[in-house]
Structure formats: C-alpha cells, structure tokens
There are 2 protein chains.
Amino acid sequence: MTVTIKDVAKKAGVSPSTVSRVLSNHPRISKETSQKVKEIVEELGYHSNIMARGLISNKTYTLGMVLPRPAEELFQNHFFSESIRGITTQASRQGYDVLMTAGSSEQDEVEAVTRLVKGRRVDGIILLQSRKNDPIISFLQKEAFPFILIGHYGSENILCVDNDNVQASYDATVHLISQGHERIGFVSGPTNLTVSDDRLKGYKKALSEHALRMEPDWIVEGEFLQESGYRAMAFFMNLPERPTALVVIDDIVTFGILRGLTELGYKVPDDLSLVSFNNIALSELSSPPLSSVDIGIYQLGYMASQLLIRHIDEDKTQQLRTIVPHKLIVRESSVNLKRNWS
Amino acid sequence: MTVTIKDVAKKAGVSPSTVSRVLSNHPRISKETSQKVKEIVEELGYHSNIMARGLISNKTYTLGMVLPRPAEELFQNHFFSESIRGITTQASRQGYDVLMTAGSSEQDEVEAVTRLVKGRRVDGIILLQSRKNDPIISFLQKEAFPFILIGHYGSENILCVDNDNVQASYDATVHLISQGHERIGFVSGPTNLTVSDDRLKGYKKALSEHALRMEPDWIVEGEFLQESGYRAMAFFMNLPERPTALVVIDDIVTFGILRGLTELGYKVPDDLSLVSFNNIALSELSSPPLSSVDIGIYQLGYMASQLLIRHIDEDKTQQLRTIVPHKLIVRESSVNLKRNWS
DNA sequence: TCCACTTGTGCAAGCGTTTGAACTTCTTTA
DNA sequence: TAAAGAAGTTCAAACGCTTGCACAAGTGGA
C-alpha cells in the first residue's frame, strides 16, 4: 500500500539504515549510493512516516494552538485570523505545521492542552491571548513545556511576544489631548485579559501626566463586540457631563459606538472623537474613517512562531519578551476640525 | 521522564497489554483490574503517546488544511477565519484536531499536501476553496485519499459542501429587479474560482428570465479586495450608460465600491444600489448598511469537518454534495425608496 | 469425572523509523 | 608488510503502543 523505507531499500539494493542516512545527509554515505537512493525515493514517491520518525526522535515539527472559545473569540475575529496567518506562514517556512484544537470550556481547554503535551503531539504551544490566572500557563510551566504567549503574564519569566500596550494607549490618549480634549473616556475589554489592564494603565498615565480629570464613570468595561460599543455609547451619551472623546479597546467595539451615534444623529468627531486599536482593514472604510493604533497583528503571530521554534530547536537563553512596535494611524474620527481652524 | 504505558503497568502490577485493553475498554477485562488501572493512570497523569498509537493503527485523528496563499487569502479574510472556526469546533467535538500548513506557491501547496498525505500525518484533507484545475484535487483523487471540498468541482464525484451559488446570485439579482432596476451590473471575483462562475451564472439567468439587457461591459472581474471594488466603481461610473445597481461577489469588494462612491459624492442606493455576498458582521454597520446574501460560512466549515470525519470513520457511501442554505438579508443599500413611494 | 466453554491476562510480534556499534573493504603510514 | 585508520555499509535494538494468540483458571453440562 504505502511505500516504506524498506521498499526503497530493497529496490536500491541497500539496507533501510542506509536509506535513512541518505535522507538525513549523513556524511559517510557515498555519492553514488546517495544519488541512487534519491532517485528511487523520487520514483517511488516515498515520504517518511512522521509517526515512526517522531516516535524515535520525540519531535513532531508541530506547534499547538488552542482556539479561543466563542465568547472571547468573536472579539478577536480579525486579530485571530491575522495572527494565525502570521503563525502558520512563519511556521511553515521553518518546516513546522500548526495544530489547532478547540475547547468549549476552560476545563476543556486545559484538557486539550494536556492531551497535546502529554501525548507528545506537539513540540510547543502558542497561546493566542493572555488571560490572568490562566490554568494553561500554570500547567505548561509545571511541565516545563515550551510555549509562547502572545501578550504578557505579569512579570513572570515567560517567553512572550507583545505590544507595549501601555505606551500604545498612552499615545492614543495623548493624541486626543493634543486635539484639545479635556474630558476623555475609556472603553475597555474583558477584565480578565491583561491587554485591558495595560491599555487602561496607559490611558490613566496620559491623563495624570496632563493633569486631566479622571472620572471613574468615564471608564466602562465590555466585550470585544459591537454590542458592547453600542451599550457604552448609550451610557456615555446619557451622562449629564459627558466626555468629548473616547479611547476604545478595539475597532469592532468602535463600530458599535459609531452605529449608535449615527442612529442618534450625533456626528463624529464633532460630538465625540474616537481612537481605537487594531487598525483592521475596515477602519479605513467606515464613515468617518477610524483613527486606530496598528499593533502589527500579523507580525505578532509571525514572531511567536519564530521565537518558539528557536526556543525549541536551540537557544534556551534568548531574550524572553519581544515587543512588536505599534503605530497610531490618525484618521477623521479623531481630528478636531474646530481646533485646526483656530 | 514521560510516563509510558509500562510505568502504569508496573505500578498496577499488570502487563502493558492489560493497560492498553483497559484504556480501549476491551470487554474481557475485569472490573477490578480496570478500576485499579484507571486510578493509576489518573495518578500518574498518563496519556498515550499519539505517535506510537498512530504507528500501529494508522490513524492520526487529525484533519489537514492548507491555508490559502496571501493573494487569494486576503480576500476571504472573514470567510477564512469563520470557516476555520467551524471546522475546528466540530472536529474537536468529534475528537479530531486540525493541522494547518501554508504554501507560498501552488507547487508549495501541492508539496505540503503530499507531505501530509504520504507521511500519514492526517486522516483527511479539507480544501477551503474550489479552484478550477486544482492539482491538489488531482493528487488526492489519484491517491484515493479522503478529502472534502468547500465549494464544488464541476460535476466530478467529489465529497463537497457548498452553497447553491447559482441560486443565491439569482436571488440577489431578482431582488434588484424587484426594486425596479433594469440595468444591473456584476462585479466578479478571480476567474479561477468556481464560485465566481456560479454567481455569474445566477446573475445571467435572472437577467435572461426577466428579459433584461445583458451588457458585457457591465460585468467586471477582480480580486476579493477593496481595491477591486474601488476600481470597478471607477469603471462603472465613467460608463456613458451605466447600471443602476450591482451584484457584487463579496462584501469586502462592496466596501471598496462604497468608499469610492462616497468620495465622488454619489449616494447609495439612490445613484447605485448594491447587493453582495457573505454578510459579514460589518455589512450591517456600514453606511448605508449593506444588503448581503448570508451563505452560512461557519456552517460550511462545520459541515465540512462532520462529513469528512464520517467519510473517514465509516460510511463510504454517503451523499456526496451537501448544500448549505443561503439567505438574502435586505438592508438599505438595495432598497429603492422612490419605488416604495409609488 | 471429563470436556468444552468462558473469562481474564500475558507474551511477543510488529508498526516504520533512527542510530550506536560492528563489520568489511580500502587506503595510508611507519 | 603489518597495523592503524578512514570510508561505507549493515545489524539490531529501541521508540511506545496494539493485538492475535496462547495460556491459566474457573464454570457448567453431560
């Protein structure tokens, strides 16, 4: 049925070990033998059985990944597909494949990871989001299994690739301040994600450095969903004294805000200015176009693969935390026209 | 280091074979032995080595998938992430994982699939898009390897899950006709995808059934990119006699059209009505909100996993082609207000 | 009492590779 | 000319698991 190393060996008149050595470019194989074996390999279309090989070498050339559960998943939408694209592209380039599994609950997720790790199904794990007190991280640490986190995990010694989200949020906020805003609100994401914390921190830092009012009422939490934005909008617009600008955790959420404002007849940026994060393709197309911090999602994924593979293959003492640069893209949603006139 | 079946066996005072049988619920194992072994398995945190097991059983419990290359990939964006989510969720539910690999060229892709198939790395392959004359399909057919196609491949006997794109496009076109349009254009996707053909066919069918003009100039091809939409818009708006409505292959493309129209000061739907496909989340949020055919992307992925796994596990004689229903969601971009007044 | 089952478990082969050690055949060196 | 080494290859064990077959002990019918 399937052609094995033995078939190749027989046809080439050598032993299986020789074939194996040819295929791994062992130095002590003669030119002729090598040549001949390679021809036969080609002719027979032989490919080594990954399981058998993995059984010996204890290597799978596979990176594992757990898909976020629907709830949080929806959010990432673009984040998710774009980072996966980066991860997979780079992994393939380095000869690795990517294995995905999904869990329907947190416990499910831990079990899935356990299965991957203990079953020696993958060589390393990529975590797509950074949650606080993540049992998966505890597990991987306990097992001393190679993994990388997109995001960071407090100050623990964990291999990770991240944005400087504090700075990014600081930049976004300062941008609004530079447009003349003095009452600025913040729409956050799920509180269990470190990214929410970091961006909130950057926002607060900017306000306090500029001695602006910090109103607890002007900070709301939500999911990475349009609905959250819609609700946040409703909340803010009903406030007796409301902010004139918002820093928003994700473009998707901003779209929800935008929809709500349009329905109520408010204008952006005049009635409310907006800056958010991720700079997804559609930010540019909305009306008005959205100001957004590009966080280099593809690159986050790309780097994650690269660093994890390096960690697996060789260099155990590499730098632990890698920062992918961000860039604020200013568009209409945050340009204060009145001020520009003056 | 890692705990093997032997460790469990030793600790339980039985042979490895017994442990193996306990784990596979062999009928001839006594209650007590089974109980005891299971306790030890739990205690030691034993998980069977997938490679070793796969080597024997020739099963990997893994489905393979090739990521579309950047060019076409960008397009599907949402299609891609949503179908993967469906695929992975359902696969996990049935005890399968999903392996992704990426190829940078068509030849690369074929090689990647060859590696997966010949290396017995996966039990089946899911193809995310249906291209004409796809060498991957020829290969898989030749190897008689289980696979499923999202889309269809002419009338060949291939397991696939698809929309009725001809009908979907027919519906979209008829909807425009019902709004009083008589000059309707079509913005297509890459010509090497069957989905482009199908939707064009449905469009033509609707026109001819309603005895409307079919102008070759009113059919343009492009990529699944905003730029394509932008270009198409420019082309149409410069025509001496131009269509009053367009059927567009993908929401993303429509966003490009919309942007162009807005820039030029045209109004949708008054100056140009639009209907497209995919009904991505943002269709609802654009201004005006987009009419779009919901093609059930998640379900396409979901079914693909389910049917492929069924095909692998058992039933070789199942129905080959499964149709996921579509639904036209009418929003402002295609509602002819003038006509509604009359 | 004997034979034929049934029940529960162990033995050992084998899945397709890799790899250290051993073996052969040359080549070199003293 | 013998010994030492290099070059090229094969042998056989091992990776961790499954499974057909054999075996032992118990059960029941004639």
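All values reported here derive from a predicted model rather than from experimental measurement.

Student: What am I meant to see in the overall build of chain A here?
Tutor: Check the secondary structure of chain A and you find 13 helices and twelve strands. Judged by the C-alpha coordinates and their principal axes, chain A covers about 85 × 40 × 35 Å. Counting the 342 residues in chain A, one finds 56% classified as buried. Considering only residue pairs separated by 6 or more positions, chain A has 71% of its internal contacts joining residues 24 or more positions apart. For chain A, the computed accessible surface area is about 14800 Å², with 50% contributed by carbon and sulfur atoms. Here chain A holds 37 positive side-chain charges and 41 negative ones, and the gap between their average locations is 7 Å.

Student: Mind showing me how you'd approach a nonpolar patch on the surface here?
Tutor: A grouping of Leu55 and Ile56 of chain A together with Leu55 and Ile56 of chain B is seen on the molecular surface, where their side chains present a nonpolar patch of about 440 Å² in accessible area. When contributions to the nonpolar patch are tallied by element, the ones reaching two or more residues are helix H4 (50-57) of chain A together with helix H4 (50-57) of chain B. Within the secondary structure layout, Leu55 of chain B lies in helix H4. Residue classification places Leu55 of chain B among the partly exposed positions, given a relative accessible area of 36%.

Student: Would you take a moment to explain the nonpolar core for this structure?
Tutor: Nonpolar side chains in soluble globular proteins tend to be buried together. The biggest cluster of nonpolar side chains holds 143 residues, and the ones touching the most others in it are Ile126 of chain A together with Ile126 of chain B. Counting 36 residues, the second largest nonpolar core, distinct from the first, contains Leu127, Ile136 and Leu149 of chain A together with Leu99 of chain B.

Student: Mind showing me how you'd approach the protein's contact with DNA strand D here?
Tutor: The environment of DNA strand D is made up of 22 residues, and the closest members are Thr18 and Thr33 of chain A together with Ile5, Ser20 and Tyr46 of chain B. The sugar-phosphate share of atoms of DNA strand D within 4 Å of the protein amounts to 54%. At 2.7 Å, a side-chain N or O of Ser20 of chain B approaches a phosphate oxygen of DNA strand D. Backbone polar atom of Ala52 of chain B to a base nitrogen of DNA strand D: 3.3 Å apart, as the coordinates give it.

Student: Please clarify how the interface of chain B and chain A should be interpreted in this entry.
Tutor: By a frequent convention, interface size equals the accessible area lost on bringing the separate parts together. Contacts between chain B and chain A engage 50 residues on the former and 50 residues on the latter. Surface buried jointly by chain B and chain A totals about 4500 Å² across both partners, of which 61% is contributed by carbon and sulfur atoms. Connecting chain B to chain A are four salt bridges. Note that Asp97 of chain B and Arg121 of chain A form a salt bridge whose closest N and O atoms lie 3.0 Å from each other. The tally of links between chain B and chain A comes to 18 residue pairs in polar contact (both at pLDDT 80 or more). Only H4, strand E1 (62-67), helix H5 (70-76), helix H6 (78-93), strand E2 (97-102), helix H7 (106-118) and helix H12 (251-264) of chain B provide two or more residues apiece to the side of chain B that touches chain A. The dominant element in the side of chain B that touches chain A, judged by the number of residues it contributes, is H6 of chain B, at eight residues. Residue classes in the side of chain B that touches chain A are distributed as 20 nonpolar, 20 polar and ten charged. Of the pairings in the sheet, the one linking strand E2 (residues 97-102) of chain A to E2 of chain B comprises three bridges and is antiparallel in character. Following the sheet pairing, Leu99 of chain A is matched in E2 of chain B by Leu99 of chain B.

Student: Teacher, can you tell me more about unusual backbone geometry here?
Tutor: Residues and elements named next belong to chain A. Here the residue pair Val268 and Pro269 is connected by a cis peptide bond, since its omega of 10 degrees sits within 30 degrees of zero. Of note, Pro269 is situated in the loop between helix H11 (251-264) and strand E9 (273-277). Within the chain, Asn278 stands out as a residue other than glycine whose phi angle is a positive 105 degrees. Note on placement: Asn278 falls in the loop between E9 and strand E10 (291-294).

Student: Just checking my understanding: could you explain the protein's contact with DNA strand C for this structure?
Tutor: Taken together, the neighbourhood of DNA strand C is formed by 23 residues, with Ser20 of chain A together with Thr18, Arg21, Thr33 and Ile56 of chain B sitting nearest. Close to the protein, within 4 Å, the atoms of DNA strand C belong to sugar or phosphate groups at a rate of 49%. Between DNA strand C and the protein, one listed contact pairs a base nitrogen with a backbone N or O atom of Ala52 of chain A at 3.4 Å. Mapped onto the surface near DNA strand C, the elements with two or more residues apiece are helix H2 (16-23) and H4 of chain A together with helix H2 (16-23) and H4 of chain B. Among the residues making up the surface near DNA strand C, the classes are represented as eight nonpolar, eleven polar and four charged.

Student: Honestly, the pattern of salt bridges in this entry has me stumped. Any pointers?
Tutor: Opposite charge on two side chains lets them pair, provided their charged atoms get close. Residues and elements named next belong to chain A. This model, assessed by the stated rule, comprises 26 salt bridges over all chains. The salt bridge partner of Lys11 is Glu43, with a shortest N-O separation of 3.0 Å. Of the two residues, Lys11 sits in helix H1 (residues 5-12) while Glu43 sits in helix H3 (residues 31-44), which places them 32 residues apart along the sequence. The exposure class assigned to Glu43 is exposed, which follows from its relative accessible area of 53%. Among the charged side chains, a network of salt bridges with common partners joins Lys59, Asp123 and Asp313.

Reading the values: the criteria
Residues numbered from 1 in each chain as written. Chains lettered and ligands numbered in written order. Predicted model: local features only at pLDDT ≥ 70, side-chain atom pairs only at ≥ 80, totals over all residues. Heavy atoms only, no water. Helix = DSSP H or I, 4+ residues; strand = E, 2+ residues; numbered from the N terminus. Buried < 20%, exposed > 50% of the residue type's maximum accessible area, 1.4 Å probe, protein only. Contact = heavy atoms within 4.5 Å. Areas by Shrake-Rupley, 256 points an atom, 1.4 Å probe, with all protein chains shown as cover. Lys, Arg positive; Asp, Glu negative; His and termini not counted. Charge placed at Lys NZ, Arg CZ, Asp CG, Glu CD. Patch = residues over 30% accessible without salt bridge, like charges linked within 9 Å, V, L, I, M, F, W, Y side chains within 5 Å. Salt bridge = Lys/Arg side-chain N within 4 Å of Asp/Glu carboxyl O. Core = buried A, V, L, I, M, F, W, Y, C linked by side-chain atoms within 4.5 Å. Near = heavy atom within 4 Å. Polar contact = N/O pair within 3.5 Å; in protein donor to acceptor, adjacent residues only side chain to side chain. Buried area = accessible area lost by both parts, 1.4 Å probe. Nonpolar A, V, L, I, M, F, W, Y, C, P; charged D, E, K, R; others polar. Pairing = 2+ DSSP bridges.

All we've got here are geometric facts, nothing functional implied.
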